[in-house]
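Chain residues, written in single-letter form:
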Amino acid sequence: MKWFDDGELHFALGIEDTFVPQSRAGERAIDEYELTDHYNQVETDLSLAVDVGAEFLRWGVPWYRVAPEPGRWDWSWVDRAMDQFRRLGLKPIVDLLHYGTPLWLADQFANPDYPHHVAEFGVRFAERYGDVATDYTPVNEPMVHALFSGEYAYWPPYYDGPTGLAHIATSLARGLVLTQQGIAQALGKRASFVHVDAGMRYVGDVDAPEHRDTVARLRHQSFLVEDLVTGNVGGDHPLLSQLGEAGVTDAQLAWFESNAVHPDVMGVNYYPLHSTEVFEAGVHHGGGFADSRPFFNAGADGLAEVLRSYAQRYGAPVMLTETCVTGSVDERLAWMDESVSTLHRLKSEGLPVVGFTWWPLFDMYEWTYRHSTGPKRDHLLTMGLFDLVEMPDGRLTRDRNPVADRFHQHATAAVSQSTPA
């Protein structure tokens, strides 16, 4: 029996692991591990997760550092991290791709060889660390990838529009399939796959003629990559004509159908302050940071809706793989209590919810850092169980706050409830 089959609610944390190492005029590279000093503090950071009662840690691998040149692999820092996972008994859910490709891969996700390169990376990781790492997320939030790199022209390779989105989405999907197939072959039945995407919701004047078609497209589009990898983009799929107009061929779709892979757990990322976008009469936005729509705090109702929709659509247990609010300690405590309570309620109603993840373990820096020239402290997001505090000498300390204690209470209660008397 695997961990997600025991009927319990498992508690996880995550360390923000966005990597967009490419830069150009007016844009800085993003490496959250560098920004938060995780490279230097990895052993103690992983210990913090154990100290607050986490069973799992969603943790990513800096592909661009592991593969600094074609055919050359440098696992030295990852070896350090995985040794600590072993020592602590902390279970990683490995984020193999949390945005960003190696610097040498021309056109990034649009490179025709991208799917094979990312699959080789994933298989090499699994073969090296399969004794401790058996749970994998091949691609975190592939639809956010596709939007930022393929529709909004915000991240490399800076494609835009529906054609760009279709190109990037299908490339990411093919890479996900090949990665999962390769890891499954390498590890056999020990391997488990936690697919993760963002729960996206749209409210407001969604039925107005000026917005109706856009909202319908966005709602279907939020599932596109997962529909592709599970072989569910067939003749009656609502986006079939859009994909065809963008150059996706019947042969490509047939490949996905014959090579379908499925999640053992379907992970959903949900942020109550950001996951629900609002459409307004007479107002049109392109989306993304450059032209964002206003947000609506849908709270626990929105959380319950996205978890139910993914469970029903893909027939797999669901896990809340990221959630938090950016705000005061009191605001974070309130949302943690409300979201954990919501998951327990959904479980009692029969929904197969298997995990809760607070993201992140310690504070992080907003993606807007990439398009700024100011100091990173201007982009600090207060989200974590530990505050990042910049010392006069530039070191970053991790200062425990009451959110850590509350997480420990929830995680400990879950363990005690699952332990036979």
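Small disclaimer: the values here were computed from a predicted structure and weren't measured.

Peer 1: Even after reading the chapter, I still don't get the sheet that holds strand β12 (residues 353–358), so can you show me in this structure?
Peer 2: Working definition: the strands of a sheet are paired by backbone hydrogen bonds and lie parallel or antiparallel to each other. With parallel pairing, the eight strands of this closed barrel are ordered in space as β1-β4-β5-β6-β7-β9-β11-β12. Averaged over all pairs of adjacent strands, the angle between their axes in this sheet comes to 25°, without regard to strand direction. As paired elements, strand β11 (residues 318–322) and β12 share three bridges and run parallel to each other. Paired with valine 318 across the two strands is valine 353, which belongs to β12. Where helix α7 (residues 161–187) meets the sheet, it contacts β6 (135–137) and β7 (192–198), and its direction lies at approximately 160° from that of β7.

Peer 1: How should I be thinking about helix α13 (residues 329–348) in this particular structure?
Peer 2: Quick reminder: α-helices carry 3.6 residues per turn. Residues three or four places apart thus point the same way. Taking 1.5 Å as the rise per residue, α13 with 20 residues should run 28 Å; its terminal C-alpha atoms sit 29 Å apart, in good agreement. Turning to α13, its buried residues number three or more, namely Arg332, Leu333, Trp335, Met336, Ser339, Val340, Thr342, Leu343 and Leu346. Glycine 350 sits one or two positions beyond α13 and adopts a positive phi of about 100°.

Peer 1: Teacher, can you tell me more about a negative patch on the surface here?
Peer 2: A cluster of acidic side chains, namely Asp205, Asp207, Glu210 and Glu280, defines a negative patch on the protein surface. Classification of aspartate 207 by relative accessible area gives exposed; the value is 58%.

Peer 1: I would appreciate a short explanation of helix α11 (residues 250–258) in the present structure.
Peer 2: Listed as buried for α11 are Leu253, Trp255 and Phe256. One face of α11 carries all of its buried residues, which in axial projection span an arc of 150°. Opposite its buried face, α11 presents the exposed residues Asp250, Ala251, Glu257 and Ser258, each directed more than 90 degrees away. Buried positions along α11 lie against α7, α9 (224–229) and α10 (240–245).

Definitions and cut-offs
Residues numbered from 1 in each chain as written. Predicted model: local features only at pLDDT ≥ 70, side-chain atom pairs only at ≥ 80, totals over all residues. Heavy atoms only, no water. Pairing = 2+ DSSP bridges. Helix = DSSP H or I, 4+ residues; strand = E, 2+ residues; numbered from the N terminus. Axes fitted to C-alpha atoms, helices over the stretch in contact; angles between N-to-C directions. Contact = heavy atoms within 4.5 Å. Expected span 1.5 Å × (residues − 1). Buried < 20%, exposed > 50% of the residue type's maximum accessible area, 1.4 Å probe, protein only. Patch = residues over 30% accessible without salt bridge, like charges linked within 9 Å, V, L, I, M, F, W, Y side chains within 5 Å. Areas by Shrake-Rupley, 256 points an atom, 1.4 Å probe, with all protein chains shown as cover. Salt bridge = Lys/Arg side-chain N within 4 Å of Asp/Glu carboxyl O. Lys, Arg positive; Asp, Glu negative; His and termini not counted. Charge placed at Lys NZ, Arg CZ, Asp CG, Glu CD. Arc of directions from axis to C-beta.

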